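Residues per chain, in single letters:
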Amino acid sequence: MTILDLPSMPGDAAPVILPGLLSGLGITPRPAPAWITDPDLIASIQAGLMDLPDELAGDDA
């Protein structure tokens, strides 16, 4: 799937694409929370091998 496979937006809609959608499609890397400092764990999160619950991810991701 690519960005071209997404449905088109109505002409009067504000162009907004959620970051979760983009990372879920593999278009952008998944954000890792700032409190995680282990480079291997950060790489695993960004690759989508690990998923953090919302209560652990926080707003600083």
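Everything discussed here concerns the structure shown above.
The structure contained in this document is the topic of the report that follows.

What counts and what doesn't
- Residues numbered from 1 in each chain as written.
- Predicted model: local features only at pLDDT ≥ 70, side-chain atom pairs only at ≥ 80, totals over all residues.
- Heavy atoms only, no water.
- Helix = DSSP H or I, 4+ residues; strand = E, 2+ residues; numbered from the N terminus.
- Buried < 20%, exposed > 50% of the residue type's maximum accessible area, 1.4 Å probe, protein only.
- Contact = heavy atoms within 4.5 Å.

1. Structural notes on the overall build of the protein
Thinking step 1. Per the secondary structure count, the protein includes 3 helices and 0 strands.
Thinking step 2. For the protein, the α and β elements follow one another from N to C terminus as α-α-α.
Thinking step 3. The proportion of buried residues among the 61 residues of the protein is 11%.
Thinking step 4. A fraction of 24% describes how many contacts in the protein between residues 6 or more apart in sequence connect residues 24 or more apart.

2. A short note on the environment of Ser44
Thinking step 1. Position of Ser44 relative to the elements: it lies in helix α2 (residues 39-47).
Thinking step 2. Distance from Ser44 to Ala32, taken between C-alpha atoms, is 9.3 Å for residues 12 residues apart in sequence.
Thinking step 3. Other than its neighbours up to four places away in sequence, Ser44 contacts Leu49 and Met50.

3. Describing the environment of Ile45
Thinking step 1. Following the sequence through the fold, Ile45 ends up in helix α2.
Thinking step 2. Given a relative accessible area of 4%, Ile45 falls into the buried group.
Thinking step 3. Here the alpha-carbon distance between Ile45 and Pro33, two residues 12 residues apart in the chain, equals 9.5 Å.
Thinking step 4. In this view, Ile45 contacts Arg30, Pro31, Ala32, Ile36, Met50 and Leu52; residues no more than four positions away in its chain are not counted.

4. Let's talk about the environment of Ala43
Thinking step 1. Structurally, Ala43 is set in helix α2.
Thinking step 2. Ala43 gets classed as partly exposed once you look at its relative accessible area, which sits at 41%.
Thinking step 3. For the pair formed by Ala43 and Ala32, sequence separation is 11 residues and the distance between their alpha carbons is 8.6 Å.

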